[in-house]
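# Reading the structure
What follows is the residue order along each chain.
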There are 2 protein chains.
Amino acid sequence: MQNLLAEYHDKLSRNNYKLTSQRKDILTVLINNKEQHFSVEDLYNEVKKINPNVGLATIYRNLELFCRLNITHMLEFESDYKHYELISEDDHHHHLICMNCDKIIEFNDEDLIEFEDRLAKDYDFDMVKHYIKFYGYCNDCQNSDDKELK
Amino acid sequence: MQNLLAEYHDKLSRNNYKLTSQRKDILTVLINNKEQHFSVEDLYNEVKKINPNVGLATIYRNLELFCRLNITHMLEFESDYKHYELISEDDHHHHLICMNCDKIIEFNDEDLIEFEDRLAKDYDFDMVKHYIKFYGYCNDCQNSDDKELK
DNA sequence: TTGAATGCAAAGGATTTGCAAGCCC
DNA sequence: GGGCTTGCAAATCCTTTGCATTCAA
(Lines give C-alpha, C1' and ligand atoms only; values in the text may rest on other atoms or scores of the structure.)
Protein backbone atom coordinates (compact mmCIF):
# COMPACT_ATOMS: atom_id res chain seq x y z
CA MET A 1 0.00 0.00 0.00
CA GLN A 2 2.84 2.39 0.84
CA ASN A 3 4.42 1.02 -2.30
CA LEU A 4 1.48 1.83 -4.47
CA LEU A 5 1.05 5.33 -3.15
CA ALA A 6 4.75 6.01 -3.69
CA GLU A 7 4.47 4.66 -7.19
CA TYR A 8 1.57 6.96 -8.00
CA HIS A 9 3.41 9.86 -6.39
CA ASP A 10 6.30 9.15 -8.74
CA LYS A 11 4.08 9.00 -11.75
CA LEU A 12 2.47 12.30 -10.83
CA SER A 13 5.86 13.94 -10.29
CA ARG A 14 7.27 12.61 -13.54
CA ASN A 15 4.35 14.25 -15.31
CA ASN A 16 4.64 17.50 -13.37
CA TYR A 17 1.67 17.05 -11.13
CA LYS A 18 1.75 17.51 -7.39
CA LEU A 19 0.68 15.01 -4.79
CA THR A 20 -1.81 17.19 -2.97
CA SER A 21 -3.46 16.00 0.19
CA GLN A 22 -6.70 15.58 -1.75
CA ARG A 23 -5.02 13.41 -4.35
CA LYS A 24 -3.45 11.37 -1.60
CA ASP A 25 -6.85 10.92 0.05
CA ILE A 26 -8.53 9.85 -3.17
CA LEU A 27 -5.75 7.38 -3.96
CA THR A 28 -5.84 6.04 -0.42
CA VAL A 29 -9.52 5.25 -0.71
CA LEU A 30 -8.97 3.58 -4.07
CA ILE A 31 -6.00 1.58 -2.81
CA ASN A 32 -7.85 0.44 0.30
CA ASN A 33 -10.70 -0.77 -1.88
CA LYS A 34 -8.84 -2.20 -4.82
CA GLU A 35 -11.51 -4.74 -5.53
CA GLN A 36 -14.27 -2.15 -5.69
CA HIS A 37 -15.37 0.25 -8.35
CA PHE A 38 -16.78 3.58 -7.28
CA SER A 39 -19.25 6.00 -8.69
CA VAL A 40 -18.02 9.57 -8.40
CA GLU A 41 -20.58 10.20 -5.69
CA ASP A 42 -19.55 7.15 -3.68
CA LEU A 43 -15.90 8.00 -3.95
CA TYR A 44 -16.68 11.56 -2.89
CA ASN A 45 -18.46 10.28 0.19
CA GLU A 46 -15.58 7.98 1.10
CA VAL A 47 -12.99 10.69 0.69
CA LYS A 48 -15.08 13.04 2.81
CA LYS A 49 -14.72 10.60 5.70
CA ILE A 50 -10.97 11.29 5.57
CA ASN A 51 -11.17 14.93 4.55
CA PRO A 52 -14.60 16.50 5.07
CA ASN A 53 -13.63 19.65 3.18
CA VAL A 54 -12.93 18.03 -0.15
CA GLY A 55 -14.99 19.34 -3.05
CA LEU A 56 -16.87 17.25 -5.55
CA ALA A 57 -15.18 19.06 -8.42
CA THR A 58 -11.84 17.93 -7.06
CA ILE A 59 -12.95 14.33 -7.33
CA TYR A 60 -14.01 14.85 -10.93
CA ARG A 61 -10.85 16.71 -11.85
CA ASN A 62 -8.59 14.11 -10.34
CA LEU A 63 -10.38 11.10 -11.71
CA GLU A 64 -9.97 12.67 -15.10
CA LEU A 65 -6.28 13.16 -14.40
CA PHE A 66 -5.78 9.67 -13.00
CA CYS A 67 -7.45 8.15 -16.05
CA ARG A 68 -5.20 10.19 -18.30
CA LEU A 69 -2.19 8.85 -16.42
CA ASN A 70 -3.52 5.29 -16.52
CA ILE A 71 -3.76 5.14 -12.75
CA THR A 72 -7.50 4.53 -12.86
CA HIS A 73 -9.94 3.66 -15.56
CA MET A 74 -13.57 4.28 -16.16
CA LEU A 75 -16.15 1.53 -16.24
CA GLU A 76 -19.44 2.11 -17.94
CA PHE A 77 -22.45 0.03 -17.15
CA GLU A 78 -25.52 0.78 -19.17
CA SER A 79 -28.27 2.59 -17.33
CA ASP A 80 -25.97 3.67 -14.59
CA TYR A 81 -23.42 6.32 -13.79
CA LYS A 82 -19.77 6.06 -14.62
CA HIS A 83 -17.64 4.08 -12.23
CA TYR A 84 -13.91 4.21 -11.61
CA GLU A 85 -11.32 1.85 -10.22
CA LEU A 86 -7.56 1.49 -9.97
CA ILE A 87 -5.79 -0.21 -12.82
CA SER A 88 -3.66 -3.08 -11.62
CA GLU A 89 -1.06 -4.26 -14.05
CA ASP A 90 -1.40 -7.97 -13.74
CA ASP A 91 -5.13 -8.08 -13.42
CA HIS A 92 -7.34 -9.46 -16.15
CA HIS A 93 -10.53 -8.38 -14.68
CA HIS A 94 -13.90 -8.41 -16.41
CA HIS A 95 -17.59 -8.28 -15.77
CA LEU A 96 -20.63 -10.43 -16.32
CA ILE A 97 -23.70 -8.21 -16.17
CA CYS A 98 -27.16 -9.59 -15.60
CA MET A 99 -29.66 -8.01 -17.94
CA ASN A 100 -32.50 -8.72 -15.55
CA CYS A 101 -31.34 -7.80 -12.06
CA ASP A 102 -28.28 -5.71 -13.04
CA LYS A 103 -26.04 -7.80 -10.83
CA ILE A 104 -22.37 -7.51 -11.75
CA ILE A 105 -20.20 -10.60 -11.40
CA GLU A 106 -16.48 -9.93 -11.55
CA PHE A 107 -14.01 -12.49 -12.77
CA ASN A 108 -10.39 -12.81 -13.76
CA ASP A 109 -9.11 -14.64 -16.72
CA GLU A 110 -5.78 -15.12 -18.38
CA ASP A 111 -7.00 -16.83 -21.51
CA LEU A 112 -7.56 -13.70 -23.46
CA ILE A 113 -3.90 -12.83 -23.66
CA GLU A 114 -3.24 -15.12 -26.59
CA PHE A 115 -6.19 -13.75 -28.46
CA GLU A 116 -5.08 -10.24 -27.72
CA ASP A 117 -1.56 -10.88 -28.98
CA ARG A 118 -2.81 -12.13 -32.30
CA LEU A 119 -5.09 -9.14 -32.62
CA ALA A 120 -2.29 -6.71 -31.87
CA LYS A 121 -0.24 -8.30 -34.62
CA ASP A 122 -3.08 -8.38 -37.16
CA TYR A 123 -3.94 -4.74 -36.72
CA ASP A 124 -0.51 -3.38 -35.87
CA PHE A 125 -2.02 -2.09 -32.69
CA ASP A 126 0.03 -1.43 -29.58
CA MET A 127 -2.29 -2.96 -27.01
CA VAL A 128 -2.41 -1.31 -23.61
CA LYS A 129 -5.57 -2.55 -21.96
CA HIS A 130 -8.92 -4.12 -22.70
CA TYR A 131 -12.35 -4.03 -21.15
CA ILE A 132 -14.82 -6.72 -21.70
CA LYS A 133 -18.42 -6.87 -20.67
CA PHE A 134 -20.59 -9.93 -21.02
CA TYR A 135 -24.34 -9.54 -20.89
CA GLY A 136 -26.82 -12.25 -20.10
CA TYR A 137 -28.84 -13.71 -17.26
CA CYS A 138 -27.36 -14.78 -13.95
CA ASN A 139 -28.45 -18.06 -12.43
CA ASP A 140 -30.99 -16.35 -10.18
CA CYS A 141 -32.70 -14.79 -13.16
CA GLN A 142 -32.55 -17.50 -15.79
CA ASN A 143 -36.00 -18.80 -15.03
CA SER A 144 -37.56 -15.54 -14.13
CA ASP A 145 -40.51 -14.40 -16.20
CA ASP A 146 -39.70 -10.78 -15.68
CA LYS A 147 -37.43 -10.59 -18.65
CA GLU A 148 -38.85 -8.60 -21.44
CA LEU A 149 -37.92 -9.70 -24.94
CA LYS A 150 -40.46 -12.21 -26.14
CA MET B 1 -34.54 -4.78 -45.06
CA GLN B 2 -38.30 -5.40 -45.27
CA ASN B 3 -37.48 -8.55 -43.37
CA LEU B 4 -35.74 -6.75 -40.59
CA LEU B 5 -38.38 -4.11 -40.21
CA ALA B 6 -41.08 -6.77 -40.08
CA GLU B 7 -39.09 -8.64 -37.49
CA TYR B 8 -38.79 -5.57 -35.29
CA HIS B 9 -42.47 -4.83 -35.81
CA ASP B 10 -43.23 -8.32 -34.54
CA LYS B 11 -41.03 -7.91 -31.54
CA LEU B 12 -42.68 -4.62 -30.67
CA SER B 13 -46.14 -6.13 -31.05
CA ARG B 14 -45.28 -9.17 -28.99
CA ASN B 15 -44.26 -6.84 -26.20
CA ASN B 16 -47.30 -4.60 -26.59
CA TYR B 17 -45.63 -1.70 -28.26
CA LYS B 18 -46.89 -0.09 -31.43
CA LEU B 19 -44.96 0.49 -34.61
CA THR B 20 -45.50 4.21 -34.87
CA SER B 21 -44.30 6.11 -37.89
CA GLN B 22 -41.52 7.60 -35.78
CA ARG B 23 -40.35 4.18 -34.68
CA LYS B 24 -40.43 3.02 -38.27
CA ASP B 25 -38.37 6.03 -39.33
CA ILE B 26 -35.78 5.48 -36.63
CA LEU B 27 -35.48 1.79 -37.45
CA THR B 28 -35.24 2.57 -41.14
CA VAL B 29 -32.28 4.84 -40.58
CA LEU B 30 -30.60 2.23 -38.40
CA ILE B 31 -31.26 -0.55 -40.90
CA ASN B 32 -29.97 1.49 -43.81
CA ASN B 33 -26.79 2.18 -41.89
CA LYS B 34 -26.20 -1.15 -40.22
CA GLU B 35 -22.48 -0.72 -40.18
CA GLN B 36 -22.64 2.66 -38.46
CA HIS B 37 -23.16 3.68 -34.90
CA PHE B 38 -25.00 6.91 -34.21
CA SER B 39 -24.93 9.48 -31.49
CA VAL B 40 -28.42 10.49 -30.42
CA GLU B 41 -27.94 13.84 -32.13
CA ASP B 42 -26.77 12.27 -35.39
CA LEU B 43 -29.63 9.83 -35.42
CA TYR B 44 -32.03 12.68 -34.71
CA ASN B 45 -30.69 14.60 -37.69
CA GLU B 46 -30.97 11.57 -39.97
CA VAL B 47 -34.52 10.83 -38.91
CA LYS B 48 -35.47 14.47 -39.44
CA LYS B 49 -34.57 14.06 -43.10
CA ILE B 50 -37.37 11.51 -43.35
CA ASN B 51 -39.73 13.12 -40.87
CA PRO B 52 -38.87 16.75 -40.07
CA ASN B 53 -41.39 16.90 -37.22
CA VAL B 54 -39.83 14.22 -35.06
CA GLY B 55 -38.83 15.34 -31.56
CA LEU B 56 -35.51 14.70 -29.89
CA ALA B 57 -37.24 13.20 -26.86
CA THR B 58 -38.82 10.62 -29.13
CA ILE B 59 -35.38 9.50 -30.24
CA TYR B 60 -34.26 9.14 -26.64
CA ARG B 61 -37.40 7.34 -25.56
CA ASN B 62 -37.25 4.89 -28.41
CA LEU B 63 -33.56 4.14 -28.18
CA GLU B 64 -34.18 3.30 -24.56
CA LEU B 65 -37.03 1.02 -25.62
CA PHE B 66 -35.07 -0.59 -28.45
CA CYS B 67 -32.19 -1.32 -26.09
CA ARG B 68 -34.58 -2.89 -23.62
CA LEU B 69 -35.90 -5.11 -26.41
CA ASN B 70 -32.41 -5.97 -27.61
CA ILE B 71 -33.02 -4.36 -30.96
CA THR B 72 -30.20 -1.89 -30.47
CA HIS B 73 -27.39 -1.57 -27.99
CA MET B 74 -25.48 1.27 -26.54
CA LEU B 75 -21.79 1.78 -27.20
CA GLU B 76 -19.78 3.88 -24.82
CA PHE B 77 -16.52 5.42 -25.83
CA GLU B 78 -14.74 7.29 -23.09
CA SER B 79 -14.82 11.06 -23.40
CA ASP B 80 -17.63 10.96 -25.88
CA TYR B 81 -21.39 10.73 -26.02
CA LYS B 82 -23.28 7.51 -26.08
CA HIS B 83 -23.68 5.84 -29.44
CA TYR B 84 -26.24 3.33 -30.58
CA GLU B 85 -26.43 0.69 -33.28
CA LEU B 86 -28.56 -2.25 -34.32
CA ILE B 87 -27.74 -5.59 -32.82
CA SER B 88 -27.14 -8.18 -35.48
CA GLU B 89 -27.36 -11.76 -34.34
CA ASP B 90 -24.43 -13.27 -36.12
CA ASP B 91 -22.05 -10.41 -35.67
CA HIS B 92 -19.08 -10.57 -33.34
CA HIS B 93 -18.16 -7.02 -33.56
CA HIS B 94 -15.63 -5.22 -31.40
CA HIS B 95 -13.50 -2.11 -31.21
CA LEU B 96 -9.86 -1.19 -31.02
CA ILE B 97 -9.64 2.34 -29.67
CA CYS B 98 -6.54 4.48 -30.06
CA MET B 99 -5.69 6.26 -26.84
CA ASN B 100 -3.87 8.99 -28.71
CA CYS B 101 -6.00 9.98 -31.69
CA ASP B 102 -9.29 8.35 -30.57
CA LYS B 103 -9.53 6.44 -33.82
CA ILE B 104 -11.87 3.46 -33.60
CA ILE B 105 -11.00 0.33 -35.56
CA GLU B 106 -13.82 -2.18 -35.83
CA PHE B 107 -13.21 -5.87 -36.23
CA ASN B 108 -15.08 -9.13 -36.16
CA ASP B 109 -13.87 -12.26 -34.55
CA GLU B 110 -15.23 -15.71 -33.97
CA ASP B 111 -12.52 -16.89 -31.63
CA LEU B 112 -14.15 -15.61 -28.53
CA ILE B 113 -17.06 -18.00 -28.75
CA GLU B 114 -15.15 -20.85 -27.20
CA PHE B 115 -13.95 -18.68 -24.38
CA GLU B 116 -17.43 -17.40 -23.82
CA ASP B 117 -18.90 -20.88 -23.69
CA ARG B 118 -16.52 -21.94 -20.97
CA LEU B 119 -17.27 -18.81 -19.03
CA ALA B 120 -21.01 -19.34 -19.28
CA LYS B 121 -20.56 -22.81 -17.88
CA ASP B 122 -18.20 -21.75 -15.09
CA TYR B 123 -20.50 -19.03 -13.83
CA ASP B 124 -23.84 -20.56 -14.72
CA PHE B 125 -24.50 -17.47 -16.74
CA ASP B 126 -26.89 -17.43 -19.68
CA MET B 127 -24.78 -15.45 -22.12
CA VAL B 128 -26.61 -13.15 -24.49
CA LYS B 129 -24.03 -10.76 -25.83
CA HIS B 130 -20.62 -9.33 -25.13
CA TYR B 131 -18.87 -6.07 -25.83
CA ILE B 132 -15.17 -5.80 -25.91
CA LYS B 133 -13.04 -2.73 -26.16
CA PHE B 134 -9.29 -2.82 -26.63
CA TYR B 135 -7.29 0.28 -25.84
CA GLY B 136 -3.85 1.05 -27.14
CA TYR B 137 -2.04 2.96 -29.87
CA CYS B 138 -2.81 2.60 -33.56
CA ASN B 139 0.05 2.33 -36.02
CA ASP B 140 -0.10 6.03 -36.84
CA CYS B 141 0.36 6.93 -33.21
CA GLN B 142 2.84 4.37 -31.96
CA ASN B 143 5.81 6.65 -32.44
CA SER B 144 4.12 9.84 -31.52
CA ASP B 145 5.55 11.79 -28.59
CA ASP B 146 2.23 13.25 -27.67
CA LYS B 147 1.31 10.45 -25.37
CA GLU B 148 1.35 11.34 -21.75
CA LEU B 149 2.26 8.65 -19.24
CA LYS B 150 5.94 8.63 -18.51
C1' DT C 1 7.82 32.09 -3.90
C1' DT C 2 4.73 30.77 -7.48
C1' DG C 3 2.26 28.30 -10.58
C1' DA C 4 -0.66 24.48 -9.90
C1' DA C 5 -4.65 22.79 -7.32
C1' DT C 6 -8.73 23.51 -4.60
C1' DG C 7 -13.56 24.89 -3.07
C1' DC C 8 -17.44 27.05 -4.03
C1' DA C 9 -21.11 28.24 -6.73
C1' DA C 10 -22.77 29.04 -11.04
C1' DA C 11 -23.00 27.37 -15.84
C1' DG C 12 -23.37 23.77 -19.14
C1' DG C 13 -25.37 20.19 -21.61
C1' DA C 14 -27.11 15.66 -22.32
C1' DT C 15 -31.14 13.30 -20.96
C1' DT C 16 -35.73 12.95 -18.77
C1' DT C 17 -40.34 14.28 -17.67
C1' DG C 18 -45.19 16.44 -17.62
C1' DC C 19 -48.92 17.23 -20.22
C1' DA C 20 -52.07 18.16 -23.89
C1' DA C 21 -52.73 16.58 -28.54
C1' DG C 22 -52.29 12.90 -31.96
C1' DC C 23 -52.34 8.36 -33.74
C1' DC C 24 -51.99 3.08 -34.00
C1' DC C 25 -54.52 -1.03 -33.41
C1' DG D 1 -62.37 4.77 -29.01
C1' DG D 2 -58.89 4.13 -25.81
C1' DG D 3 -54.59 4.14 -24.39
C1' DC D 4 -50.03 4.28 -25.94
C1' DT D 5 -46.93 7.89 -28.22
C1' DT D 6 -45.46 12.13 -29.48
C1' DG D 7 -43.77 17.14 -29.38
C1' DC D 8 -42.72 20.76 -26.93
C1' DA D 9 -40.57 22.97 -23.34
C1' DA D 10 -39.33 22.98 -18.78
C1' DA D 11 -36.92 20.43 -15.33
C1' DT D 12 -33.27 17.37 -13.84
C1' DC D 13 -28.90 16.07 -12.70
C1' DC D 14 -24.29 14.72 -13.72
C1' DT D 15 -20.27 17.13 -14.94
C1' DT D 16 -17.50 21.21 -16.06
C1' DT D 17 -15.86 25.83 -15.46
C1' DG D 18 -14.47 30.58 -13.49
C1' DC D 19 -12.28 32.70 -10.03
C1' DA D 20 -10.34 33.96 -5.70
C1' DT D 21 -7.74 31.46 -2.29
C1' DT D 22 -4.60 27.88 -0.69
C1' DC D 23 -0.78 24.92 -0.96
C1' DA D 24 3.06 21.64 -2.60
C1' DA D 25 7.64 21.85 -4.16
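To be clear, the structure that these remarks concern was listed above.
Read on for an overview of the structure.

Thresholds applied
Residues numbered from 1 in each chain as written. Chains lettered and ligands numbered in written order. Predicted model: local features only at pLDDT ≥ 70, side-chain atom pairs only at ≥ 80, totals over all residues. Heavy atoms only, no water. Pairing = 2+ DSSP bridges. Helix = DSSP H or I, 4+ residues; strand = E, 2+ residues; numbered from the N terminus. Contact = heavy atoms within 4.5 Å. Axes fitted to C-alpha atoms, helices over the stretch in contact; angles between N-to-C directions. Core = buried A, V, L, I, M, F, W, Y, C linked by side-chain atoms within 4.5 Å. Buried < 20%, exposed > 50% of the residue type's maximum accessible area, 1.4 Å probe, protein only. Near = heavy atom within 4 Å. Polar contact = N/O pair within 3.5 Å; in protein donor to acceptor, adjacent residues only side chain to side chain. Nonpolar A, V, L, I, M, F, W, Y, C, P; charged D, E, K, R; others polar.

## What to know about the sheet that holds strand β1 (residues 38–39) of chain A
Residue and element names in this part refer to chain A. Strand order in this open sheet of three strands is β1-β3-β2, and the pairing throughout is antiparallel. If you trace the sheet from one side to the other, it starts and ends with β1 and β2 (72–76), each paired once. The sheet contacts of helix α4 (residues 56–68) involve β2 and β3 (82–86), and relative to β2 the element is tilted by about 105°.

## With respect to the nonpolar core
Note on soluble globular proteins: their nonpolar side chains tend to be buried together. Judged by nonpolar contacts, the single largest core of 27 residues is most densely connected at Phe 134 of chain A together with Phe 134 of chain B. Listing elements by their share of this core, those giving two or more residues are β4 (93–98), α5 (112–123) and β6 (126–137) of chain A together with β4 (93–98), α5 (112–123) and β6 (126–137) of chain B. In this view, Phe 134 of chain B contacts Phe 115, Glu 116, Leu 119, Phe 125, Met 127, Lys 129 and His 130 of chain A together with His 95, Leu 96, Ile 97 and Phe 107 of chain B; residues no more than four positions away in its chain are not counted.

## Describing the pairing of β2 of chain A
All names here are of chain A. Counting buried positions over the five residues of β2 gives five, a clear majority of the element. Because side chains alternate across β2, one face comprises the buried residues Thr 72, Met 74 and Glu 76, and the other comprises His 73 and Leu 75, equally buried. Two strands pair when backbone bridges link them, and β2 and β3 are joined in this way by five bridges, in the antiparallel orientation. What sits directly across from Thr 72, in β3, is Leu 86.

## Focus on the protein's contact with DNA strand C
In the region of DNA strand C, 22 residues are neighbours, and Thr 20, Gln 22, Thr 58 and Arg 61 of chain A together with Tyr 60 of chain B sit closest. In the interface set of DNA strand C, defined as its atoms within 4 Å of the protein, sugar plus phosphate atoms amount to 71%. The separation between a base nitrogen of DNA strand C and a polar side-chain atom of Arg 61 of chain A is 2.8 Å. Here a base oxygen of DNA strand C sits 3.3 Å away from a polar atom, N or O, in the side chain of Arg 61 of chain B. The dominant element in the surface near DNA strand C, judged by the number of residues it contributes, is α4 of chain A, at four residues. When the residues that make up the surface near DNA strand C are grouped by side-chain class, the tally is eight nonpolar, eight polar and six charged.

## Regarding the protein's contact with DNA strand D
DNA strand D sits among 24 residues. The nearest are Tyr 60 of chain A together with Gln 22, Gly 55, Thr 58 and Arg 61 of chain B. Expressed as a percentage, the sugar and phosphate content of the atoms of DNA strand D within 4 Å of the protein is 70%. The contact in question runs from a phosphate oxygen of DNA strand D to an N or O atom on the backbone of Leu 19 of chain A, over 3.3 Å. Between DNA strand D and Arg 23 of chain B there is a distance of 3.0 Å, counted from a phosphate oxygen to a side-chain nitrogen or oxygen. Those elements giving two or more residues to the surface near DNA strand D turn out to be α4 of chain A together with α2 (21–32) and α4 (56–68) of chain B. Partitioning the surface near DNA strand D into residue classes produces nine nonpolar, nine polar and six charged.

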